[in-house]
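In case you want the letters, here they are:
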Amino acid sequence: MKINNIKIQVFALLMLLLTSVGCDDEEFLNETPKTFYTTNNIFSSDTQIDQVILTMYSRLRNFKLTNDQMHGIGTDVLDAPEFRVSNSFSDYSRINAESSNFKNVYDFYYKLIATANTALSAANGEDISFESEAKKAYILAQARFFRAYAHGMLAELFGGVPIVTEVATEPRFDYVRSTREETYQFAIDELEAILNDLPETTIQGGRLVKGVAQNYLSEFHLALGIESSNEAAYDQAIKYASDVIDGGTYALMTERFGARMDEENTVTGGADVWWDLFRNGNINYSDGNMESIWTFQVDFDAFLQEDGQSVLNYPRYFAPVYRAIEGFGGDGDPGGGVGEDAGGRGVAFYAPTPLTEFAIWDESISAGDQRNAEHNISRKIFYNQPADPLFGTQVPQDVIDETNEGSGWIFPIFYKLNTDKFDGLDQGENRSNIFRDEYAIRLPETILLRAEAYHRKGENQKAADDINLIRSRAQCEVLATAGDVDIDYILDERARELYVEESRWNTLLRMGGTVATDRIKKYALHPHVALTLTFDYNLWPIPQSAIDRNKDVIMEQNPGWTR
């Protein structure tokens, strides 16, 4: 599905103050505008309001797929390699409440809330014609979802924030922060109110379905339980997750499927159901992928014809720089060292931390795990210059280490973020991008939410059983026991299953306590992280600009942060 942006223009006519000599008639100065558009009269049909809804899908897709913090940079799973330390979000000598990283995220979610409020205001207008009551209900449900979702994300990252439910018609400087519990509760109430107006499934890829709201109801109830120490909230988290897991609509994919089910990875050989999950044409529920709950839509034709945002630039940002190895690539290679065997034209803006590259794949806990198979995480590099006497042999580890010295640009290729068959090479593409839809929510995330809720209730065997649903699908030879399960174990499993898919910052900060800072320091890619992270925090700072702008009411900063 191609999701297009609509540019909604609201015009204001400026009165011209005339002071010409000889013009004494005041009536001449009182002009009556023939057109004066506001959010109250610019919309006349459900189609126009639906275009605003589509704008929110598109903006969220672009934000989630391109924002560094949404990928998890600076957390325990992802950072920038040494030669890109200036791009790193982990040097706490440079991070403070004025950092644009925080402001960009904070502002994005409030812009999403403003757009949702605009759609809701328009849809409830007296002069709007709807094709049917069902269509009106679905439009309202989608708008309320985005408003609830944005408040929930803000609560996870920033704590209690101002709850905004009306279209702003004039500047305000008196916003009051709600508590974190109140913010979660608002999101929960909104999502519960729309459940019956969301379909179980849809053939229109990327549109909201009931399982999306149920997943976030589980997540926000879980977060509320952590914040309030209320066990009833954990019960609700389990209930809503179970509605998704056991409701009969979704199921883990356990057999090979989809567009390339009879093929193998053309670079490494080998394939399995995990590999299939990330192939083009296999991402949506309508593609036969029973664990796909919500997806972001990416389309090559839209990329070419529109604004260039309908794309996953994963090969460029997440792939290593194998061409730095002497004997790999080079001028004599038709691929210039950026072929499929290099993961494309990688420039290594991001790199896995020791946790995601090594620790979670230790044989003692991950023996046989398909997710670490060579065709899913390629760790072997082969000399590819035909004229080189070493052609076809594996690059030794000491050569990799020497090439990596001071740069850190050689690391595995994660094929969930890459491909062995690039599109558009005959239309100007250069192996920087892939063009497939991307998951917003997969069933394993819901399963891991329920596992966490069980653990927090002290029901570790049920938590282990849920975790083992995922580990068994991956054919891991080591299954979880009740004694294994703790928050670190759950976070490690989330890293194995949801690397880059989940918003890792939301996950870590939702945990409370010192979980985030402890894990960031423990698994840091660079020594400067532990040296500069000299304080504990479990919330991002409210952007200083938001505090300064709110001049009529004091907005307190989150603990641990200064200007």
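Residues numbered from 1 in each chain as written. Predicted model: local features only at pLDDT ≥ 70, side-chain atom pairs only at ≥ 80, totals over all residues. Heavy atoms only, no water.

1. Overview of the overall build of the protein
The number of helices and strands found in the protein is 20 helices and six strands. Projected onto the principal axes, the alpha-carbon positions of the protein cover approximately 95 × 60 × 50 Å. Within the protein, the fraction of its 563 residues that count as buried is 56%. The contacts of the protein with a sequence gap of at least 6 include a subset with a gap of at least 24, amounting to 73%. For the protein, the exposed area adds up to about 23,800 Å²; of that, 48% sits on carbon and sulfur atoms. Distance between charge centres in the protein, computed from 50 positive and 87 negative side chains, equals 1 Å. (Helix = DSSP H or I, 4+ residues; strand = E, 2+ residues; numbered from the N terminus. Buried < 20%, exposed > 50% of the residue type's maximum accessible area, 1.4 Å probe, protein only. Contact = heavy atoms within 4.5 Å. Areas by Shrake-Rupley, 256 points an atom, 1.4 Å probe, with all protein chains shown as cover. Lys, Arg positive; Asp, Glu negative; His and termini not counted. Charge placed at Lys NZ, Arg CZ, Asp CG, Glu CD.)

2. Topic: the domain arrangement of the protein
Domain annotation of the protein identifies domain 1 (39-197 + 534-562) and domain 2 (308-434). For domain 1 versus domain 2, the distance between C-alpha centres works out to 35 Å. Contact residues are listed per partner, giving 18 residues for domain 1 and 20 residues for domain 2. Regarding the contact of domain 1 and domain 2, the summed buried area is about 1,500 Å², with carbon and sulfur atoms giving 57% of it. (Domains from an automatic or database assignment. Buried area = accessible area lost by both parts, 1.4 Å probe.)

3. Digging into the packing of aromatic side chains
In total, this model carries 41 aromatic pairs according to the counting rule given. Ring geometry for Phe89 against Phe102: centres 5.5 Å apart, planes inclined by 70°, an arrangement best described as edge-to-face. Of the two residues, Phe89 sits in the loop between strand S1 (78-79) and helix H3 (100-123) while Phe102 sits in helix H3, which places them 13 residues apart along the sequence. Aromatic rings pair up to connect Tyr57, Phe63, Phe108, Tyr109, Phe145, Phe146, Tyr149, Tyr184, Tyr216, Phe220, Trp294 and Phe296 into one cluster. Above the plane of the ring of Phe349 lies Arg84, whose end atom (NZ or CZ) is 3.9 Å from the centre. Between Lys239 and the ring centre of Tyr240, over which it is positioned, the NZ or CZ distance is 4.2 Å. (Phe/Tyr/Trp six-rings, centres within 6.5 Å; stacked < 30°, edge-to-face > 60°. Lys NZ or Arg CZ within 6 Å of the ring centre and 35° of its normal.)

4. Describing empty space enclosed by the protein
According to the stated counting rule, one finds six cavities of 30 Å³ or more in the structure shown. Looking at the largest cavity, its volume works out to about 160 Å³. Lining of the largest cavity is provided by 20 residues; of these, Lys64, Tyr216, Glu219, Glu445 and Ser503 occupy positions nearest its centre. Counting residues per element, the ones that place at least two in the lining of the largest cavity are helix H4 (133-158), helix H6 (210-228), strand S2 (292-296), strand S6 (438-442), helix H14 (443-456) and helix H17 (504-510). Classifying every residue of the lining of the largest cavity gives eight nonpolar, four polar and eight charged. (1 Å grid on protein atoms, 1.4 Å probe; cavity = no way out; pocket = protein on both sides within 12 Å on 5 of 7 lines; lining within 4 Å. Points joined across faces, edges and corners; volume = space filled by probe spheres on them. Nonpolar A, V, L, I, M, F, W, Y, C, P; charged D, E, K, R; others polar.)

5. Considering the environment of Ser129
Topologically, Ser129 is positioned in the loop between H3 and H4. Assessed through its relative accessible area of 46%, Ser129 is described here as partly exposed. The spacing of Ser129 and Phe63 is 66 residues in sequence and 32 Å in space, taken between C-alpha atoms. Those residues in contact with Ser129 that sit more than four places away from it in its chain are Ser44, Ser45 and Asp46.

6. With respect to the packing of helix H15 (residues 460-473) against helix H16 (residues 487-498)
Close contact between H15 and H16 brings their axes to 11 Å; oriented N to C, the two are set at 35°. Seen along the crossing, H15 lies across H16 with a hand that is left-handed. Between H15, through Ile467, Ile470, Arg471 and Arg473, and H16, the contact on the second element is made entirely by Tyr489, Ile490, Glu493, Arg496 and Glu497. (Axes fitted to C-alpha atoms, helices over the stretch in contact; angles between N-to-C directions. Left-handed = near helix turned anticlockwise from the far one by under 90°.)

7. What about the environment of Pro444?
Here Pro444 shows up in helix H14. When the C-alpha atoms of Pro444 and Ile470 are compared, they prove to be 6.7 Å apart, with 26 residues separating the residues in sequence. If we ignore the near neighbours within four places in the chain, the residues touching Pro444 are Leu252, Glu291, Ile470, Arg473 and Glu497.

8. Structural notes on the environment of Asn289
Along the chain, Asn289 turns up in the loop between helix H8 (273-276) and S2. Beyond its immediate stretch of four places on either side in the chain, Asn289 contacts Met253, Phe257, Leu277, Asn282, Ile283, Asn284 and Tyr439. Looking at Asn289, its side chain comes within polar contact range of the main-chain oxygen of Asn282, at 2.9 Å. Among the polar contacts listed, one links the side chain of Asn289 to the side chain of Tyr439, at a separation of 2.8 Å. (Polar contact = N/O pair within 3.5 Å; in protein donor to acceptor, adjacent residues only side chain to side chain.)

9. Let's talk about the pattern of salt bridges
Summed over the entire model, instances satisfying the criterion amount to 44 salt bridges. Between Asp76 and Arg504 there is a salt bridge, and its shortest N-O distance comes to 2.8 Å. Within this pair, whereas Asp76 is found in the loop between helix H2 (68-71) and S1, its partner Arg504 is found in helix H17, the two being separated by 428 residues in sequence. This pair shows no difference in class: Asp76 is buried, exactly as Arg504 is. For Asp369, the salt bridge goes to Arg371, with nearest N and O atoms at 2.7 Å. The pair Asp369 / Arg371 is uniform in exposure class, with both members buried. Each of Glu291, Asp369, Arg371, Lys416, Arg442, Arg471, Arg473, Glu493, Arg496, Glu497 and Glu501 takes part in one network of salt bridges that share partners. (Salt bridge = Lys/Arg side-chain N within 4 Å of Asp/Glu carboxyl O.)

10. A short note on the pairing of S6
The element S6 is extensively covered by neighbouring structure, given that five of its five residues are classed as buried. Sheet analysis places S2 next to S6, joined by four bridges and oriented antiparallel. Its bridge partner being in S6, Trp294 is matched across the sheet by Ile441. (Pairing = 2+ DSSP bridges.)

11. Here's the deal with the side chain of Asp50
Structurally, Asp50 can be placed in helix H1 (residues 46-66). Beyond its immediate chain neighbours, meaning those up to four positions away, Asp50 contacts Ile139, Gln142 and Arg207.

12. Thoughts on the layout of surface pockets
Here the largest pocket defines a volume of roughly 710 Å³. Taken together, 26 residues form the lining of the largest pocket, with Tyr110, Lys111, Ala114, Ala168 and Tyr175 sitting closest to its centre. Looking at the lining of the largest pocket, the elements with two or more residues in it are H1, H3 and helix H20 (544-549). Sort the elements by how many residues they give to the lining of the largest pocket and H3 lands first, with 11 residues. By volume, the second largest pocket amounts to about 460 Å³. Along its surface, the second largest pocket is lined by 22 residues, and Glu357, Phe358, Asn404, Ile410 and Phe411 are the ones closest to its centre. Those elements giving two or more residues to the lining of the second largest pocket turn out to be strand S3 (351-352), helix H11 (354-357) and helix H13 (397-404).

13. Notes on the confidence of the model for the protein
Confidence in the prediction of the protein, expressed as mean pLDDT, is 91, and 91% of residues score 70 or more. Across residues 1-37 the pLDDT falls below 50, and counting only partners more than four positions away or on other chains, this stretch makes 41 contacts in the model. (pLDDT = per-residue confidence, 0-100.)

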